[in-house]
Amino acid sequence: MKKKSIIILGSTGSIGTQTVEVIAKYPGLFRVVGLAANSRFDLLSRQIKQFKPRMVCIGDQAAGLPGPDSPGAKFKLVKGPEGLKRLAALPGADMVVNALVGSAGLEPTLAAVRAGHDVALANKETLVAGGQLVMQAVKKKRVRLLPIDSEHAALHQCLEGRDIKTVKNLILTASGGPFRNHTIKQLHRIKASHALNHPTWSMGRKVTIDSATLMNKGLEMIEAHHLFGIPPERIKIVIHPESVIHSMVEFNDGSILAQLSTPDMRLPIQYALTHPQRLPSLVKDCRLDELGKLTFHKPDRMTFKCLDLAYLALKRGGMIPAVMNAANEIAVKAFLEGRIGFLQIPELISGVMKEYRSAAVRSVSDAVSADHSARRLAEELLNSYQGK
Ligand SMILES: NC(=O)c1ccc[n+]([C@@H]2O[C@H](COP(=O)([O-])OP(=O)(O)OC[C@H]3O[C@@H](n4cnc5c(N)ncnc54)[C@H](OP(=O)(O)O)[C@@H]3O)[C@@H](O)[C@H]2O)c1
């Protein structure tokens, strides 16, 4: 495999740091030419020393980061959303790993694709907010969009070399999160500290809350729809608490293919970075004989309403998935800050979605303005909750 030049957007986060681990295992295969982070400047500074990138992007607060003039640091420093787009389009790069969180990832993904770079995508919100735009750009520029989300990496592996017309259903597995057996009454009492305690995965705060509400699975269903072109009614969700089967494809002859492994994000990250090659990974062997049994259940859609909101958003189409995603980001932040309860997350999202008609998303500015407007409305609704 030719040595690849990689840009990591969100290098200090959960996916970003695991990407760094995979890259550090194969120094002969990868060169890191760009890094972006928002607030964890100590860690970012260590990564800059380790990789000596050509360009670094930070959020608006630059305090603590060694500037490009510091001894030994020879990188171009860029900032904010414009800086992210510039970094994503850095000439000479082969692949951009998008491990940003939230819809802030959409424009950098598009910038990377338009610059002709392959994208390894963890940032599922990119496809929720602007799936059609991104997939059109990917086709036009003939670049590869490789999913890092473990479910989509699993589907990608099961679908490779198959005729998509032979697919009956995609089956996304979900751990069910920490509250999968809770009743609505129990969910009333949930605090952020309980929700941040995920049973199988250690992840960033936003995706951990999304897993607890099942919105994560809703976002992934929309992501799968755009990646593989399968309509929502043929994307099924099954709760699988052991998180060993990462997803499955059911074919028209009744066969189901699945991808299994120890739950560890370094595997799908490596799969995206080295595709189509398979190399030994940092992931522990999956010992099915030690696991004993794997279990499956239907999701409780009456209690976890975010899942149906995502199906509804995709059915309504146009800007509604972007609106839903923005409202979810505001609701999750408010929950983490203790401003609303767990059950008010879907209530707020649904309240925002009801106010929008499904106008088409023709350009990135349509998606961004739907996102901004839904955030403002969500904040207004939040204030009205708190005024009660
Ligand atoms: N974690 C997982 O296991 C997992 C699994 C599947 C999919 N995903 C998806 O992967 C994405 C990332 O998740 P995560 O868990 O890695 O999130 P995370 O731990 O919160 O990391 C987010 C990263 O983005 C950076 N960032 C945020 N806003 C930024 C901005 N405006 N400019 C530059 N950098 C910015 C953060 O920087 P600072 O840290 O410096 O603030 C951090 O490096 C999400 O879309 C998530 O749904 C995650």
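For the structure itself, consult the block above.
Now for a look at the structure at hand. (Residues numbered from 1 in each chain as written. Predicted model: local features only at pLDDT ≥ 70, side-chain atom pairs only at ≥ 80, totals over all residues.)

1. Some details on the overall build of the chain
A count of helical and extended segments in the chain gives 16 helices and eleven strands. Over its C-alpha atoms the chain spans a radius of gyration of 20 Å, differing by no more than 12% from the 21 Å that the globule rule assigns to 388 residues. With respect to the principal axes defined by its C-alpha atoms, the chain has extents near 60 × 55 × 40 Å. (Helix = DSSP H or I, 4+ residues; strand = E, 2+ residues; numbered from the N terminus. Rg over C-alpha atoms; globule rule 2.2 N^0.38 Å.)

2. Regarding helix 3 (residues 80–88)
Buried residues of helix 3: Gly83, Leu84, Leu87 and Ala88, and no others. Down the axis of helix 3, the buried set is contained in an arc of 135°. They therefore lie on one face. Lining the buried residues of helix 3 we find strand 1 (4–9), strand 2 (30–37), strand 3 (55–58), strand 4 (76–79), strand 5 (95–98) and helix 4 (106–114). (Buried ≥ 20, exposed ≤ 12 C-beta atoms within 10 Å, placed from the backbone. Arc of directions from axis to C-beta. Contact = placed C-beta atoms within 7 Å.)

3. Observations concerning the sheet that holds strand 11 (residues 256–260)
Spatial ordering of the open sheet is given by 9-8-10-11, a layout of four strands whose pairing is mixed. Of all the strands in the sheet, the pair left with one neighbour each is strand 9 (235–239) and strand 11. Pairs of neighbouring strands in the sheet enclose a mean axial angle of 20°, with direction left out of account. Taken together, the five bridges between strand 10 (residues 245–251) and strand 11 define a ladder with antiparallel strand orientation. Of the residues in strand 11, the one forming a bridge with Ile245 is Leu260. Docked against the sheet, helix 6 (residues 150–159) engages strand 8 (167–174), strand 10 and strand 11, running at close to 40° with respect to strand 10. Each of strand 8 and strand 9 touches helix 10 (residues 215–228); the most contacted strand, strand 8, lies at about 150° to it. (Pairing = 2+ DSSP bridges. Axes fitted to C-alpha atoms, helices over the stretch in contact; angles between N-to-C directions.)

4. With respect to the site of the ligand
The full set close to the ligand counts 29 residues, and Gly10, Gly13, Asn38, Met203 and Gly204 are the nearest of them. Among the elements of the structure, helix 1 (14–25), strand 2 and helix 9 (205–213) are those that each provide at least two residues to the shell around the ligand. With three residues, the single largest contributor to the shell around the ligand is helix 1. Along the lines of polarity and charge, the residues of the shell around the ligand split into 13 nonpolar, eleven polar and five charged. (Near = placed C-beta within 6 Å. Nonpolar A, V, L, I, M, F, W, Y, C, P; charged D, E, K, R; others polar.)

5. Observations concerning the pairing of strand 2
A large share of strand 2 lies buried, amounting to seven of its eight residues. Summarising the sheet, strand 1 and strand 2 pair through six bridges and their orientation is parallel. Opposite Ile6, over in strand 2, you have Val32 as the bridge partner. In this fold, the crossover linking strand 1 to strand 2 by way of helix 1 has right-handed handedness. Sheet analysis places strand 2 next to strand 3, joined by four bridges and oriented parallel. Bridge pairing links Ala37 to Ile58 in strand 3. In this fold, strand 2 hands off to helix 2 (residues 41–51), which returns the chain to strand 3; that crossover is right-handed. (Right-handed = clockwise from strand over helix to strand, strands pointing away.)

6. What about unusual backbone geometry?
Of note, the amide linkage connecting His275 to Pro276 takes the cis form, showing an omega dihedral of 5°. Along the chain, the position of Pro276 falls in the loop between helix 11 (266–274) and helix 12 (288–291). The backbone of Lys52 sits at a positive phi, close to 50°, despite the residue not being glycine. Inspection of the secondary structure assignment puts Lys52 in the loop between helix 2 and strand 3. Owing to 14 C-beta atoms within 10 Å, Lys52 belongs among the partly exposed residues under this scheme.

7. Some thoughts on the sheet that holds strand 1
Pairing is parallel across the open sheet formed by seven strands, whose spatial order is 4-3-2-1-5-6-7. The open sheet has two edge strands, strand 4 and strand 7 (145–147), and neither has a second partner. For this sheet the average axis-to-axis angle between neighbouring strands, irrespective of direction, equals 20°. Against the sheet, helix 1 makes contact with strand 1, strand 2 and strand 5, and its axis sits at roughly 160° relative to strand 1, the strand it touches most.

8. A few points about the packing of helix 9 against helix 14 (residues 320–336)
Close contact between helix 9 and helix 14 brings their axes to 10 Å; oriented N to C, the two are set at 100°. If you check the angle between helix 9 and helix 14, you find them roughly perpendicular. Where helix 9 approaches helix 14, its residues Arg205, Lys206, Ile209 and Asp210 are matched on the opposing element by Val332, Phe335 and Leu336. Here the residues of the contact of helix 9 with helix 14 are counted per class, giving four nonpolar, no polar and three charged. (Parallel < 35°, antiparallel > 145°, perpendicular 65-115°, else oblique.)

9. With respect to the environment of Ala36
On the secondary structure map, Ala36 appears in strand 2. Residue classification places Ala36 among the buried positions, given that 29 C-beta atoms sit within 10 Å. With 78 residues separating them along the chain, Ala36 and Arg114 place their C-alpha atoms 19 Å apart. Beyond its immediate sequence surroundings of up to four residues, Ala36 is in contact with Leu9, Gly10, Ser11, Cys57, Leu84 and Leu87.

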